[in-house]
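# Remarks on the overall topology
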Amino acid sequence: MEWQRDAACADVADPDLFFPISTTGPGAEQVRAAREVCGRCPVAAQCARWARGTGQTNGVWGGIAAERGVGVPAARHAGG
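Computed from a prediction, not measured in an experiment: that's the story for all the values here. (Residues numbered from 1 in each chain as written. Predicted model: local features only at pLDDT ≥ 70, side-chain atom pairs only at ≥ 80, totals over all residues. Heavy atoms only, no water.)

## Thoughts on the overall build of the protein chain
Of regular secondary structure, the protein chain possesses two helices and two strands. Overall, the protein chain shows an N-to-C arrangement of helices and strands of α-α-β-β. Burial statistics for the protein chain: of 80 residues in total, 38% are counted as buried. Sequence separation of 24 or more characterises 46% of the internal contacts of the protein chain that already satisfy a separation of 6 or more. Carbon and sulfur atoms make up 53% of the accessible area of the protein chain, which amounts to about 4800 Å² in all. (Helix = DSSP H or I, 4+ residues; strand = E, 2+ residues; numbered from the N terminus. Buried < 20%, exposed > 50% of the residue type's maximum accessible area, 1.4 Å probe, protein only. Contact = heavy atoms within 4.5 Å. Areas by Shrake-Rupley, 256 points an atom, 1.4 Å probe, with all protein chains shown as cover.)

Structure follows, in structure tokens:
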């Protein structure tokens, strides 16, 4: 998984940002902030594909909340 070293989230001080308790209420702001980081990530498509391929059910991967189907719109990201 060499792509991980190029991930924008690698520079985020608190990795919990990408694992909100929920995607509603206060968790919705956390998801928004995580997606903002993913939006500038050069490897977001690879991240979403990896999460889908490994069955991730929690977290924000490649800008997509896992419970919403990681990787479904991944093709819109650069490199995808």
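## Examining the pattern of salt bridges
Counting across every chain of the model gives three salt bridges. With a closest N to O distance of 2.7 Å, Glu29 and Arg32 form a salt bridge. Here Arg32 and Glu29 lie together in helix α1 (residues 26-39), a separation of three residues that amounts to about one turn. Here Glu29 falls in the partly exposed class, since its relative accessible area comes to 45%. (Salt bridge = Lys/Arg side-chain N within 4 Å of Asp/Glu carboxyl O.)

## Comments concerning the nonpolar core
In this structure, Phe18, Cys41 and Val60 are the most contacted members of the largest nonpolar core, which totals 17 residues. Listing elements by their share of this core, those giving two or more residues are α1, α2 (44-53) and β1 (60-61). The element contributing the most residues to this core is α1, with four residues. (Core = buried A, V, L, I, M, F, W, Y, C linked by side-chain atoms within 4.5 Å.)

## Some words on α2
Along α2, the residues classified as buried are Ala44, Ala45, Cys47, Ala48 and Ala51. End-on, the buried residues of α2 take up no more than an arc of 160°, which puts them together on one face. Phi turns positive, to about 70°, at Gly55, one or two residues after α2. (Arc of directions from axis to C-beta.)

## Side note on the state of the cysteines
For the structure shown, the criterion picks out zero disulfides. Here Cys9 stays unpaired: no disulfide links it, and the sulfur of Cys41, its closest cysteine neighbor, is 6.1 Å away. Judged by relative accessible area, which is 37%, Cys9 ranks as partly exposed. Cysteine Cys47 shares no disulfide, and the gap to the nearest cysteine sulfur, in Cys9, comes to 6.2 Å. (Disulfide = S-S within 2.5 Å.)

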